[in-house]
Amino acid sequence: MSENKEIIFKVENLRTWFPITKGAFKKVVGHVKAVDNVSLEVYKGETLGIVGESGCGKSTFGKTLMMLEKATGGQVLFNYDGEFRDITKFNKDEMFEFRKKVQMVFQDPYSALNPQKKIYTSFEEPLIVHGMKDQAQREARMQEVLKMVNIQPDYLMRYPHEFSGGQRQRLCIARALEVMPEVLICDEPVSALDVSIQAQVLNLMKDIQKELNLTYLFIAHDLSVVQYMSDRIVVMYLGKIVEVADSRALYDEPLHPYTRALLSAIPVPDIHNTKKRQVLEGEVPSPIHKPSGCAFHNRCPHCMEICKQVDPELAVQNTENGHMVACHLYAEQQKKLQEEKAAAAPQA
Amino acid sequence: MSETKPLSIKEQNKSAASSLLKKNIRKFLRNKLAVFGLVVIVVMTVACIAAMAMGIDYSTPNPTIMKAAPDAAHLFGTDTIGRDLLARVLYGGCYSIFIGVFCAVMSSVIGAVLGAIAGYFGGKADMIIVRISEVFQAFPQLVLVMMLVAILKQRSMGNMLFVFVITGWMTTFRMVRNEFMSLKGETYVKVCEAFGMSKANVMFKQILPNVMTPIIVSTTTNVAYFILQEASLSFIGLGVADSTPTWGNILNAAKSIQVVQNQWWIWVFPGLAISLFVLAINFFGDGLRDVLDAKQQ
Amino acid sequence: MDSKEIILDVENLNTTFISDRKKIRIVKNVSFQLKRGSALAVVGESGCGKSVTMNSIMRFLGRNAIIEADKIQYNALRDGKVTEYRLEQIEKPHGPEMRALRGPEMSMVFQDPMSSLNPVYKVGDQVAEGLLQHNKGMTKAQAREKVLEMFRKLGIPDPEERIDCYPHQFSGGMKQRVVIAIAMICNPELIICDEPTTALDVTIQAQIMELLKEMQVKDGKSIILITHNMGLVAEMADEVCVMYMGRVVEFGSLEDVFDRTSHPYTQALLRSVPVLGLADGQKLETIPGATPNPADLKGGCEFADRCPFCTDACREKDIPMFQLSPGHRVRCLKYQDYPVAEGGEVQAEVAEVQ
């Protein structure tokens, strides 16, 4: 099933570490391991949700995929019409071309538009930078993208502060679409908006995706929003992926104890839901001093001896829907599956 | 709306832009102190330039009327060697104002460029430039001027301008650096980086417009500062040569108690000129700042 | 009206802001009652006036705000006796009368724990400050003991060490616990929480909400929870007050508002929230348009432009509150066949306990 879909991003053992320096000569004393050995495949046309709490590295992951943060190790392969090229090794020109393929929508619509510039100028600049020399052509493109987000073209001459939060976020989405990207990485695009405006923007994003056949990487901490938008969901904790599953499967059958706690912690607007909440003890540890073994072991209700020493690997749990989890609870089953797969392979 | 019209959206909205300018001008005009400041600055500058252009006589000593109190012929009186004080004040104004403006603008430009680089790039570049600024800061202006006078064996305006700019860029530098350090994390900057804009473009076309307001305001106050600096230096005899009048130079004569007590016009008029001009600049700068911030449109 | 049962009674609260010589009424004729020991959720989106309402009651607004009300009555219950305080009659917002009430009787937990704590003072000192202020005879050592007790109660680990730490050494969840400690240290009966968990992770949010629920159930505190998160409302609240553009548009028990939702805005709000486990392909409903600028409102119902049931009558004059059932009222002409709710009096007598 997953073989039929085209892969657009292949992330292999990605690490984004930030050095911690001390003293006047900036000696490196440690690292903040924001993204720690992440491997992932993103399929063309899907919405991949990335969810996790503060310190899990999801934002840094999104920025590294955009090359707004430099990767410390590993590879990020992008599908250029069938050919996979590692964007972490790109030079300046290749990077510039890449910018037309992958764009980003940021969290804060209030600071995403330069307050000193009219919307017209903010919209014109990316087009000029990418070589659209004819003013009439630029204006046509600007009107095109504005129509897609339901904003009137004559609003172009206004300043950002004249727009509401929801309108500003729609403007940011429109601007990202100007260069006609294939992938849109959305970093908490609706967190700063009111509930009813969130719904507007989310529905708009769904419509645009269908119309332009875009691939979305949807990064957020609100699992309900992520589940609404995504086809598949990745759960991150302290820089690592702990679970990957189809949107529905994650909700119906969460495997990792952290995912279960996360789902349980979300307050549901249903007063007849008598499900008892599982409240997680403790706090997320600092990404500088990660616990040994599994990063979640000190808060996990099912912690075993092996969890304190060995970091579990992300492996397939269910071959039918590609559900993956990184947890020692399932290690045995996963090993068996891998052995079966290896045994079946030579005959195929 | 504009697909059928031959004019582009930008051209159509030129009228909107000019009405914005008119709105700003009206806002400025409502601030009476600022208008007063602007008027004073313009009047004084024009008067001084006119005086210089007309070639009025400011340097011929006339012993017969020296130390004469203000009267019809000499509105500001005459100085210790009989030169017309009004002429000297007007002529001197040219130099003082020029020194103030030139040094303020130059130090702002240098400070802004260095501040942008240090603030945006951070790291080693920042460290180096900050250390350099600290070195310059440590140097007392006075000592530098004296050194230069001793080395070059002459007191010239060039000396003073050089020293002023060299010792004056640090305040603008610090302010611009701080602004850049905080603004470079703003989302719209990240957006531009995401679009692949060059670093120079981001620094000077994206971030700098957001810092322009404090730079402009600080430049206007620096004009006042440099005029005062010049006056102080000239007062102790380290400024421009005696023959070139500046407001400070004229005040030089007031070093003698005799002059202070008996020929009050020799120090009152140049002193007034300095105070009035500096005050006007401060008012104007305040008004400018209120108008320039696009967020307050 | 039984002042033993009702801890806070607000009748016709109006708050007007003066800006640029213009007067804009932000809170319009807000009336509600809070029963002792229960939790009231005040729900609405940004600009609906919920924070301003609470700040008006606590008198935290500046001089450019005019607060008028028929009644803002706080009933303090100590040793079986009730003392009634008419807050709207207190002239000085920061005078001795208000300050005597803030802390021992009423307190507030603010939204952003990052900025609620002073970064240059130790956490223990900040908590003890309120205690020492309201208990003149207490020594610093005694105050310290009380603070330690409170820290233990709120689940702050290693309280003896943490009490001397500075705010930046705490995580977001811990900071919010400290803020709650500051609010609780003088043992107030009424706690107003203004979006206390918006800035926190969802698992930490669960911890904080558990804490608040415990305080309500075990210690009998009365809680007002300001939020826009309908899930939190479903978990925490006994009664719900829905606000839109400065007015109360619906008020009722949890079942009333969730199962028998009446006002079109409440209905739209509940349907526009993404919920876990939505069926595939089911789309969120959106409310067309955007919240209007309070300065632009003309007469009639504020929700008229966005309401699917709007009629001409809705725009003519201000809509009154209609009583749907004991304890459930709604401000909408769809229910004009029901009797008009007459403010505080009618409510108390027929109100049911949760």
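Cut-offs applied
- Residues numbered from 1 in each chain as written.
- Chains lettered and ligands numbered in written order.
- Predicted model: local features only at pLDDT ≥ 70, side-chain atom pairs only at ≥ 80, totals over all residues.
- Helix = DSSP H or I, 4+ residues; strand = E, 2+ residues; numbered from the N terminus.
- Buried ≥ 20, exposed ≤ 12 C-beta atoms within 10 Å, placed from the backbone.
- Contact = placed C-beta atoms within 7 Å.
- Rg over C-alpha atoms; globule rule 2.2 N^0.38 Å.
- Axes fitted to C-alpha atoms, helices over the stretch in contact; angles between N-to-C directions.
- Parallel < 35°, antiparallel > 145°, perpendicular 65-115°, else oblique.
- Left-handed = near helix turned anticlockwise from the far one by under 90°.
- Nonpolar A, V, L, I, M, F, W, Y, C, P; charged D, E, K, R; others polar.
- Pairing = 2+ DSSP bridges.
- Expected span 1.5 Å × (residues − 1).
- Arc of directions from axis to C-beta.
- Core = buried A, V, L, I, M, F, W, Y, C linked by C-beta atoms within 7 Å.
- pLDDT = per-residue confidence, 0-100.

Looking at the overall build of chain B
- Tallying secondary structure elements over chain B gives 12 helices and 0 strands in all.
- For chain B, with 297 residues in total, the buried portion stands at 38%.
- In chain B, the proportion of contacts linking residues at least 24 apart, taken out of those at least 6 apart, comes to 68%.

Some details on the overall build of chain A
- For chain A, the count of helices and strands is 11 helices and 12 strands.
- Relative to the 2.2 N^0.38 estimate, which gives 20 Å for 348 residues, the radius of gyration of chain A is 22 Å and therefore close to what a compact globule would have.
- C-alpha atoms of chain A, sized along the principal axes, occupy 65 × 60 × 55 Å.
- Expressed as a percentage of the 348 residues in chain A, the buried residues total 46%.
- Taking contacts inside chain A between residues at least 6 apart in sequence as the whole, the part at least 24 apart equals 63%.

Considerations on unusual backbone geometry
- Phi angles above zero are rare outside glycine, and Asn13(A) is one such case at about 50°.
- With respect to the helices and strands, the residue Asn13(A) is situated in strand S1 (residues 7-22).
- For Asn29(C), which is not a glycine, the phi torsion comes out positive at approximately 50°.
- Within the fold, Asn29(C) resides in strand S2 (residues 22-35).

Overview of the packing of helix H3 (residues 32-54) of chain B against helix H12 (residues 264-292) of chain B
All names here are of chain B.
- At a minimum axis separation of 7 Å, H3 and H12 run at an interaxial angle of 135°. In terms of axis orientation, H3 runs oblique to H12. Handedness of the H3/H12 crossing: left-handed. Packed against H3, whose contacting residues are Leu33, Ala34, Phe36, Gly37, Leu38, Val40, Ile41 and Met44, the element H12 presents Leu276, Phe277, Ala280, Ile281, Phe283, Phe284, Asp286 and Gly287 at the interface.
- Partitioning the contact of H3 with H12 into residue classes produces 13 nonpolar, 2 polar and 1 charged.

Topic: the pairing of strand S12 (residues 322-325) of chain C
Residues and elements named next belong to chain C.
- Where S12 lies against strand S13 (residues 328-330), 3 bridges are found, and the strand directions are antiparallel. The residue of S13 that forms the bridge with Gln323 is Arg329.
- The turn joining S12 and S13, which pair antiparallel and follow one another in sequence, is formed by 2 residues; a positive phi near 90° is taken by Gly327.

Regarding the sheet that holds strand S8 (residues 215-220) of chain A
Residue and element names in this part refer to chain A.
- The strand order across the open sheet built from 8 strands is S6-S7-S8-S3-S9-S10-S12-S11, with neighbouring strands paired in mixed fashion. Both outer strands of the open sheet, strand S6 (102-105) and strand S11 (315-318), are each paired with one neighbouring strand and no more. The average angle at which neighbouring strand axes cross in this sheet is 25°, direction not considered.
- In the sheet, S6 pairs with strand S7 (residues 183-187) via 4 bridges, with the strands oriented parallel. Along S7, the bridge assignment pairs Met104 with Ile185.
- Sheet contacts for helix H1 (residues 58-65): strand S3 (47-51), S7, S8 and strand S9 (232-237); angle to S8, the most-contacted strand, approximately 150°.

Considerations on the interface of chain A and chain C
- In this assembly, 33 residues from chain A lie in contact with 39 residues from chain C.
- Elements with a contribution of two residues or more to the side of chain A that touches chain C: helix H6 (195-212), helix H7 (223-229), helix H8 (247-252) and helix H9 (257-265) of chain A.
- With 6 residues, the single largest contributor to the side of chain A that touches chain C is H6(A).
- In terms of residue class, the side of chain A that touches chain C is made up of 18 nonpolar, 9 polar and 6 charged.

A closer look at the interface of chain A and chain B
- The interface is formed by 27 residues belonging to chain A together with 22 residues belonging to chain B.
- Per-class residue counts for the side of chain A that touches chain B are 17 nonpolar, 6 polar and 4 charged.

A closer look at helix H5 (residues 140-153) of chain C
Residue and element names in this part refer to chain C.
- The end-to-end C-alpha separation of H5 is 20 Å, in line with the 20 Å expected for 14 residues at 1.5 Å each.
- Within H5, the full set of buried residues consists of Ala143, Val147, Met150 and Phe151. What you see down the axis of H5 is that its buried residues fit within an arc of 100°, all on one side. Turned more than 90 degrees off the buried face of H5, the exposed positions are Ala141 and Arg152.
- The secondary structure elements touched by the buried residues of H5 are helix H4 (123-134), helix H6 (159-162) and helix H7 (172-184).
- After H5 finishes, the residue Gly155 shows a positive phi value of roughly 80°.

Examining the arrangement of the chains
- Here 2 pairs of chains make contact, and the pair sharing the most contacts is chains A and C.
- Nothing in chain B touches chain C, and the closest approach of their C-alpha atoms is 14 Å.

Some remarks on the environment of Met321(C)
Residues and elements named next belong to chain C.
- Mapped onto the elements, Met321 comes out in the loop between helix H11 (264-271) and S12.
- C-beta crowding within 10 Å serves as the criterion here: with 23 such atoms nearby, Met321 is assigned to the buried category.
- Each C-alpha atom, one on Met321 and one on Leu270, is 21 Å from the other, the two residues being 51 residues apart in sequence.
- The residues touching Met321, leaving out its near neighbours within four places in the chain, are Arg329, Arg331, Val340 and Ala341.

A short note on the pairing of strand S11 (residues 247-253) of chain C
Residue and element names in this part refer to chain C.
- In terms of burial, S11 is largely enclosed, as 7 of its 7 residues are buried.
- With antiparallel pairing between neighbouring strands as the criterion, strand S10 (residues 239-244) and S11 make up a hairpin whose turn holds 2 residues, including Met245 at a positive phi of roughly 50°.
- Here 2 bridges tie S11 to S13, and the two strands are oriented antiparallel to one another. When the bridges of S13 are listed, Phe251 appears paired with Arg329.

Comments concerning helix H4 (residues 85-121) of chain B
All names here are of chain B.
- With 37 residues, H4 ought to run about 54 Å at 1.5 Å a step, and its terminal C-alpha atoms sit 53 Å apart, in line with that.
- Judged by how many residues are buried, H4 sits mostly within the fold: 27 of 37 residues are covered.
- Just beyond H4, the residue with positive phi is Gly122, at close to 60°.

Some thoughts on the nonpolar core
- Within the largest apolar cluster, 249 residues are counted, with the highest numbers of intra-cluster contacts made by Leu217(A), Phe218(A), Ala41(C) and Cys241(C).
- Per-element accounting of this core gives the leading share, 17 residues, to H4(B).
- Those residues in contact with Ala41(C) that lie beyond four places of it in its chain are Leu225(C), Thr227(C), Val233(C), Met236(C), Ala237(C), Val240(C) and Cys241(C).

As for the sheet that holds S12(C)
Residue and element names in this part refer to chain C.
- Taken in spatial order, the 8 strands make up an open sheet running S7-S8-S9-S3-S10-S11-S13-S12, and their pairing is mixed. Since the sheet does not close on itself, it has two edges, and those belong to strand S7 (106-109) and S12, each with one partner. Adjacent strand axes in the sheet meet at a mean angle of 20° when their direction is disregarded.
- Along the sheet face, H7 touches S7 and strand S8 (190-194) and points at about 170° away from the line of S7.

Considering the packing of helix H5 (residues 123-138) of chain B against helix H7 (residues 157-183) of chain B
Residues and elements named next belong to chain B.
- Where H5 contacts H7, the two axes come as close as 9 Å, and the packing angle between them is 130°. Between H5 and H7, the angle falls in the class oblique. Crossing geometry of H5 relative to H7 is assigned as left-handed. Across the interface between the two elements, Ser133, Phe136 and Gln137 from H5 touch Ile166, Thr167, Met170 and Phe173 from H7.
- Among the residues making up the contact of H5 with H7, the classes are represented as 4 nonpolar, 3 polar and no charged.

Some details on the confidence of the model for chain B
All names here are of chain B.
- Per-residue pLDDT for chain B averages 81, and the proportion of residues at 70 or more is 92%.
- Across chain B, element-level confidence peaks in H4 with a mean pLDDT of 90 and bottoms out in helix H1 (residues 9-12) with 63.
- This stretch, residues 1-6, has a pLDDT under 50; its non-local contacts, to residues over four places away or in other chains, come to 5 contacts.

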